[in-house]
Amino acid sequence: MKETCEIILCYSEVDNSNFESGNKGWIDQFVIIFQKFLDRISERKCIIHKLSDDEDTYEDVDIFIPVISPNFLQSETCQGYLRKHLKRMSNDPLKIGNSVYALVYLPVFEEELNNVVKESPKVDFYELEPFSDVPVVYEAENEDGINQKYWSRVSDLSSMVINYIRNEISIGDSGDRSYFKNESKNIYVANVVNECLEAREALIRDLKRHGYNVYPKGSMPDNKVELSAKIKEELSYCSVSVHMLGGEYGHISEKFRTSISELEHDLSLERANQGNNKFKRIVWLSTHLTEMSDRQRFFAERVIQQSEDKLLTEIVDLPLAEFKSLVRKFINSDQYQEDINLDYSAGDSEGTYLMYNDYDKHNVISLKEKLNKLGVKYSICENEGNAFDTFERHKYLLNNCSSTIIFNTNQNKDWITSRLRDVLKSKGLGRAHSYEFNVIYTPDCDINTDLIDKLEFPIILQSDDFEKKLEGFLAKTANN
């Protein structure tokens, strides 16, 4: 087994030179930060090679990261480097799976991507401005200090690379070079209709972040015989299938009498009934089941009826954040009926995580005094100049605090939205238990109600008597 992991970051030089961030180009700065992440968490030394279309020094590497943008697609040199890597990997009998992880610098049309890149894990480093849809690339720092969105994306990409390395080490140690034989790491997440699409994508991201290999891969054939064969083959690689049911039945083509979701259900049940295997099935019932179409109701009733034998299927009706955590427990437990338990012990909590930006450094003093007076333990994440350490501390507190308070008085909607998303994402980053409450104080600021609705026990305080209301709420919490 090699002692190092060689990584190429391939990009168009235009994307590095036309984006000013201090004295370094965007790519230059990203590589420095990305290297620090990998150095901290990798079990093997990672070496990142920058390769732009101004150079002609391609070397064989373990991992290829294209920096996707319109400039990258128009660069024949970049496309040539990508083709060289894919050709070498296709001829390598020791490859363990996908070795391409795309960093999306600016939006492109999906149909313009190479098929391998199209199906590869991707991390977006941009967002579209509201109303104008103008793409804005994330910077490491913004007017509020470190940009949590940027650092979260670097963390996501680092996790993908580390999972690749761990799979390679695991397979190398066992002497087994068949990636597909590692069934415990292969999960089949069945297709869904639009209403469950966002939930499915969130689950897939969470599984990949924790090192799982997710099926199905690629497009689904139009021919039913070919489709059935593909589903059966990919189910045979997996130890678990996950099915997500909403209120819609799903698309039925002229060639099929059933939806793909129902076909996947039937074939996974067939695999579970084969006997002498540990294949498991878990079905998530979304909140939309109260508004089912007639055909979906019939299908859902059949799924529930067939799950009476708990050795075959587990039916759950949970918030998505808890469901993602439950799926991982379900996968990793041989006696999963006994092991799956949503009760938890919080252990050593970091108390309430108080979040505020530099603008409120003085405005928050009275709130801290009240917390101390009430005996409410709280933690903060101070920016001490080291962005990496600050980000790691932020993640640690999100995972280990009992509750959160987001305090902002200058109507900084972007900052508040970023913190709300971090709180919601904490379950996917390892948080094992629910928050006691999530307090948001942002007077006269129009915040995203969709995000608020997804929080656990949200308390919104925007009135002039904020401190009095919060004091009453915290006093009651402390007494409990």
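Structure report, in brief. (Residues numbered from 1 in each chain as written. Predicted model: local features only at pLDDT ≥ 70, side-chain atom pairs only at ≥ 80, totals over all residues. Heavy atoms only, no water.)

## Points about the overall build of the protein
Stage number 1. Secondary structure summary: the protein contains 17 helices and 21 strands in total.
Stage number 2. Residue burial in the protein is summarised as follows: out of 480 residues, 51% are buried. (Helix = DSSP H or I, 4+ residues; strand = E, 2+ residues; numbered from the N terminus. Buried < 20%, exposed > 50% of the residue type's maximum accessible area, 1.4 Å probe, protein only.)

## Comments concerning the packing of aromatic side chains
Stage number 1. Applying the stated criterion to the full structure yields 12 aromatic pairs.
Stage number 2. Measuring from ring centre to ring centre gives 5.2 Å for F30 and F34, while their planes differ by 25 degrees; the resulting arrangement is stacked. In this pair, F30 and F34 both sit in helix α2 (residues 26–41), 4 residues apart, roughly one turn of the helix. Take F30 and F34: they sit in the same class, and that class is buried.
Stage number 3. Ring centres of F37 and W151 lie 5.8 Å apart, and the angle between their planes is 40 degrees; on these two criteria the pair is classed as tilted. Of this pair, F37 sits in helix α2 while W151 sits in helix α6 (residues 148–174), and the two are 114 residues apart along the sequence. (Phe/Tyr/Trp six-rings, centres within 6.5 Å; stacked < 30°, edge-to-face > 60°.)

## Brief notes about the pairing of strand β14 (residues 240–245)
Stage number 1. Among the 6 residues in β14, 6 count as buried, and that is most of the element.
Stage number 2. Burial of β14 is two-sided: the residues V240, V242 and M244 facing one way and the residues S241, H243 and L245 facing the other way are all buried.
Stage number 3. Pairing geometry for strand β12 (residues 186–189) and β14, over 3 bridges, is parallel. Residue pairing across strands places I187 opposite V240, the latter belonging to β14.
Stage number 4. Pairing of β14 with strand β15 (residues 280–285) involves 6 bridges; the strand directions are parallel. Within β15, the residue paired with V242 across the bridge is I282. (Pairing = 2+ DSSP bridges.)

## Here we look at the nonpolar core
Stage number 1. In terms of nonpolar packing, the biggest core is built from 38 residues, with W26, F30, F34, I65, L103, Y150 and L157 touching the most fellow members.
Stage number 2. Counting residues per element, the ones that place at least two in this core are β1 (4–11), α2, β4 (45–52), β5 (63–68) and α6.
Stage number 3. No other element matches the 9 residues that α6 contributes to this core.
Stage number 4. When sequence neighbours within four positions are dropped, the list of residues in contact with I65 reads I7, I8, L9, C10, F34, Y101, L103, L157 and V161.
Stage number 5. Counting residues in each nonpolar core, the second largest holds 22 residues, with I187, V192, I204 and L318 among its members. (Core = buried A, V, L, I, M, F, W, Y, C linked by side-chain atoms within 4.5 Å. Contact = heavy atoms within 4.5 Å.)

## Description of helix α4 (residues 76–90)
Stage number 1. Between its first and last C-alpha atoms α4 spans 21 Å; for 15 residues at 1.5 Å apiece the expected length is 21 Å, and the two agree.
Stage number 2. Those residues of α4 that fall on the buried side of the exposure criterion are C78, Q79, G80, Y81, L82, H85, L86 and M89. (Expected span 1.5 Å × (residues − 1).)

## Topic: the packing of helix α8 (residues 224–237) against helix α9 (residues 260–272)
Stage number 1. Interhelical geometry of α8 versus α9 gives an angle of 45 degrees and a closest axis separation of 10 Å. Viewed along their axes, α8 and α9 adopt a mutual orientation that is oblique. Both α8 and α9 take part in a crossing whose hand is right-handed. The residues of α9 that touch α8, namely those facing K224, L227, S228, I231, K232, L235 and S236, are I260, L263, E264, L267, S268, E270 and R271.
Stage number 2. By residue class, the composition of the contact of α8 with α9 is 6 nonpolar, 3 polar and 5 charged. (Axes fitted to C-alpha atoms, helices over the stretch in contact; angles between N-to-C directions. Parallel < 35°, antiparallel > 145°, perpendicular 65-115°, else oblique. Left-handed = near helix turned anticlockwise from the far one by under 90°. Nonpolar A, V, L, I, M, F, W, Y, C, P; charged D, E, K, R; others polar.)

## Concerning the sheet that holds strand β13 (residues 213–215)
Stage number 1. Pairing in this open sheet of 5 strands is parallel, and the strands run β13-β12-β14-β15-β16 from one edge to the other. Because the sheet does not close on itself, it has two edges, and the strands there are β13 and β16 (313–316). Strand after strand, the sheet turns through a mean of 20 degrees between neighbouring axes, direction not considered.
Stage number 2. The strands touched by α8 within the sheet are β12, β13 and β14, with β12 carrying the most contacts at an inclination of about 140 degrees.

## Observations regarding the pattern of salt bridges
Stage number 1. Inspection of every chain in the model, using the stated rule, returns 7 salt bridges.
Stage number 2. Where D28 meets K50, a salt bridge forms, and the shortest distance between an N and an O atom there is 2.5 Å. With D28 in helix α2 and K50 in strand β4, the pair connects residues that are 22 residues apart, well separated along the chain.
Stage number 3. A relative accessible area of 36% places K50 in the partly exposed class. (Salt bridge = Lys/Arg side-chain N within 4 Å of Asp/Glu carboxyl O.)

## Brief notes about unusual backbone geometry
Stage number 1. In this chain, Y215 is followed by P216 through a cis amide linkage whose omega measures 5 degrees.
Stage number 2. Looking at the element boundaries, P216 is found in the loop between β13 and α8.

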